[in-house]
Amino acid sequence: MGYEVSLGNIGISSLSGPATRFLIASSTAPDIIKAMAFRVCDATNDHIEIQATFDALPTTGGTILFSEGTFNINGRVTIPSGREIHILGYRNTLLNVQINNRRTVTDGAITTGTQTLTSATAGFTSADVGKSININGAAIGGLLLDSVIATFVNTTTVTLRHTAGTTVSSTTIEYADDAFFLGTTDPSDQHIWVENLFFTGNVNSGHCFRLGSNSVVARSTFTNCTFTNFGREAINGDNLIGAHFIRCFFEGQHRGSIILYQSNNCLFTQCRVRTNGQTDTTFPAIRLIETHEFIFKDGIFESNRGLMINARWAGGNSQMASLLIENTWFEGNITAAPSTTAMLDVAGISGNNARMISLRDCFIDQSLVGAGYIIRAAFCDYITVRNCV
């Protein structure tokens, strides 16, 4: 243990990316793989071995290779910032997120323009720092404020990484650990590449990946990955630049699949998004908040229970997204949505318009069961629908 792996020895002929490569072996990996591994997991609290491997990466970055088999993750893994990191699976690699520490209280209070949250019953501890937290009604317009606990003050008080847009009291707050967290302080060399991995969660888990959290992540790529059964969105991206999702499968999240906040140049291609909104239909499959240049092409939306794509302005300085949806199939969606729901919902405000919506070469079949609109838009400069059925 403790040395870098030779790719040829595990059946991979070539690999681009950083030169430093560490192999993590599952508890069921062949002995020859375990003998070459930097860390060997035992199927119990495997996040400890995974975290130790990430911590061993040099400042120039590196590649983390997971062997085939199942890895059980019971705590948050923090990804080092300011470097290029590739996270790769080999054959049948399952990362089973067993985090089950979601807590809900109903006496949360926060004042607009501040980041100080109080609750008499939460019983906050220092271990809550870094957890994702939702405060009902505390964003601009009375929407849900999605943030991270930044500082522990005392058992009744914490500070958040984001500022409240609405004053609330006696409101519901909910917080839990995410599986993988990257809050970078040095975006200049940050690139995270995740490939060939299957992630599964549970209703009480947080996000699978939380990236950025009010700081910039330059370049993030997910290829050939599957995300299923997470209690919150599988991907939460804050200030991502050039986020690419290629041939990814998002299925059966209890809320939506993806939320992106103030992110730019995002591409989804050949992705499938299905059966999301299992226990909460108020969250869209994909939610974009002040996100620019979003392209979804060659994909499928199937049997989702909430609206498909929601893009909105949230009071910041960023203009609304330009959306291009091309060659995409929508089938059997919005089965539990209210009559005011739209398949694609874009809400700008006067003086801060959405720039452009383009829907072309798409097929829409039974996608509006119980819903009122295909597209609902407010304060949009241009809307184009072409060659759609």
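Procedures and definitions
Residues numbered from 1 in each chain as written. Predicted model: local features only at pLDDT ≥ 70, side-chain atom pairs only at ≥ 80, totals over all residues. Heavy atoms only, no water. Helix = DSSP H or I, 4+ residues; strand = E, 2+ residues; numbered from the N terminus. Buried < 20%, exposed > 50% of the residue type's maximum accessible area, 1.4 Å probe, protein only. Contact = heavy atoms within 4.5 Å. Polar contact = N/O pair within 3.5 Å; in protein donor to acceptor, adjacent residues only side chain to side chain. Pairing = 2+ DSSP bridges. Axes fitted to C-alpha atoms, helices over the stretch in contact; angles between N-to-C directions. Core = buried A, V, L, I, M, F, W, Y, C linked by side-chain atoms within 4.5 Å. Phe/Tyr/Trp six-rings, centres within 6.5 Å; stacked < 30°, edge-to-face > 60°. Lys NZ or Arg CZ within 6 Å of the ring centre and 35° of its normal.

Peer 1: Account for the overall build of the protein chain, with residues named and values stated.
Peer 2: Of regular secondary structure, the protein chain possesses two helices and 36 strands. Split into buried and exposed, the 389 residues of the protein chain put 56% on the buried side. Partitioning the intrachain contacts of the protein chain with sequence separation of at least 6 by distance along the chain shows that 72% fall at a separation of at least 24.

Peer 1: Give me the environment of Asp46: which residues, what numbers.
Peer 2: Among the secondary structure elements, Asp46 is positioned in the loop between strand 2 (39–40) and helix 2 (47–55). The class for Asp46 is buried, based on a relative accessible area of 0%. Residues Asp46 and Ile24 lie 22 residues apart in sequence; the distance between their C-alpha atoms is 9.9 Å. Discounting chain neighbours no more than four positions away, the residues touching Asp46 are Cys41, Thr70, Phe71 and Asn72. A distance of 3.3 Å separates the side chain of Asp46 from the backbone nitrogen of Asp42, its partner in a polar contact.

Peer 1: Run through the sheet that holds strand 31 (residues 329–331), naming residues and quoting values.
Peer 2: In sheet architecture, strand pairing relies on hydrogen bonds along the backbone and comes in two forms, parallel and antiparallel. Taking strand neighbours across the sheet as the criterion, the nine strands line up as 4-7-16-19-22-25-28-31-34 in an open arrangement whose pairing is parallel. At either end of the open sheet lies a strand with only one pairing partner, and these are strand 4 (69–73) and strand 34 (363–365). Averaged over all neighbouring strand pairs, the angle between strand axes comes to 10 degrees, with direction disregarded. Note: strand 16 (residues 198–200) against strand 19 (residues 226–228), three bridges, orientation parallel.

Peer 1: Which residues make up the nonpolar core, and what values go with them?
Peer 2: Among the nonpolar cores identified, the biggest contains 65 residues, and Phe54, Phe180, Phe199, Phe209, Phe227, Phe250 and Phe294 are the most heavily contacted of them. Phe294 has contacts with Leu260, Cys266, Phe268, Ile286, Leu288, Ile309, Ser322, Leu323 and Leu324, leaving out every residue within four places of it along the chain.

Peer 1: With reference to specific residues and values, describe the packing of aromatic side chains.
Peer 2: Per the stated rule, a full pass over the model turns up 18 aromatic pairs. A centroid spacing of 5.2 Å and a plane angle of 5 degrees characterise the contact between Phe222 and Phe245, whose relative ring orientation is stacked. Here Phe222 is found in strand 18 (residues 217–223), whereas its partner Phe245 is found in strand 21 (residues 240–246), with 23 residues between them in sequence. Like Phe245, Phe222 is buried. Between Phe245 and Phe268, the aromatic rings sit 4.4 Å apart at their centres with planes inclined by 15 degrees, giving stacked as the arrangement. Placement of the pair is Phe245 in strand 21 and Phe268 in strand 24 (residues 266–269), with a sequence separation of 23 residues. Here the aromatic residues Phe180, Phe199, Phe209, Phe222, Phe227, Phe245, Phe250, Phe268, Phe294, Phe296, Phe301 and Phe330 are joined through ring pairs into a cluster of three or more. One residue, Arg255, lies across the ring of Phe283, its end atom 4.0 Å from the ring centre.

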